[in-house]
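# Coordinates in review
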Amino acid sequence: MKRGLPTVQYVAEELSLSPGYLSGLLRVLTGQSTQEHIHSKLIEKAKEKLSTTDLSVSEIAYELGFEHSQSFSKLFKAKTKLSPLEFRKAFN
């Protein structure tokens, strides 16, 4: 996979589905759009890394495909109501 965040197009191609079909299927099965599903999975991985590693927020953001750690932090806070560092502190 190339660097960067996974796109709806990328996920659909990997599954040999059209983006529209994938989005419809996920919406029916999960109630989420493909983009929301991608974001949820990224947040799950971020939570795991924040709670089990000593990687910096910037390192985690980069590993997950974010170009800028600010974008990662903004998405993380929007989805969890905590900053990545606040989330990590809850585990220590």
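Before reading on, note that the structure itself is shown above.
On to the environment of Phe66, then. Relative to the helices and strands, Phe66 is located in the loop between helix H4 (57–63) and helix H5 (69–80). Sequence-distant contacts of Phe66, defined by excluding residues within four places in its chain, comprise Leu5, Leu42, Ala61, Ser71, Phe72 and Leu75.

Let us look at the nonpolar core. Within the largest apolar cluster, 14 residues are counted, with the highest numbers of intra-cluster contacts made by Ala46, Leu50, Ile60, Leu64, Phe66, Phe72 and Phe76. Every element with two or more residues in this core is listed here: helix H3 (34–52), H4 and H5. Among the elements that take part in this core, H3 stands out by supplying five residues, more than any other. If we ignore the near neighbours within four places in the chain, the residues touching Leu50 are Val57, Ile60, Phe76, Pro84, Phe87 and Arg88.

Here the focus is H3. Along its 19 residues, H3 runs 27 Å from first to last C-alpha, staying within 8% of the 27 Å computed at 1.5 Å per residue. Restricting attention to buried positions, one finds in H3 the residues Thr34, Ile38, Leu42, Ile43, Ala46 and Leu50. Contact partners of the buried residues in H3: helix H1 (8–14), helix H2 (19–30), H4, H5 and helix H6 (84–89).

The next thing to look at is the pattern of salt bridges. One pass over the structure, following the stated rule, counts three salt bridges. A salt bridge links Arg27 to Glu36, with the shortest nitrogen-to-oxygen separation between them at 4.0 Å. Residue Glu36 is classed as partly exposed on the basis of its relative accessible area, which comes to 33%. Residue Lys41 is joined to Glu44 by a salt bridge in which the shortest nitrogen-to-oxygen separation is 3.6 Å.

About the thresholds
- Residues numbered from 1 in each chain as written.
- Predicted model: local features only at pLDDT ≥ 70, side-chain atom pairs only at ≥ 80, totals over all residues.
- Heavy atoms only, no water.
- Helix = DSSP H or I, 4+ residues; strand = E, 2+ residues; numbered from the N terminus.
- Contact = heavy atoms within 4.5 Å.
- Core = buried A, V, L, I, M, F, W, Y, C linked by side-chain atoms within 4.5 Å.
- Buried < 20%, exposed > 50% of the residue type's maximum accessible area, 1.4 Å probe, protein only.
- Expected span 1.5 Å × (residues − 1).
- Salt bridge = Lys/Arg side-chain N within 4 Å of Asp/Glu carboxyl O.

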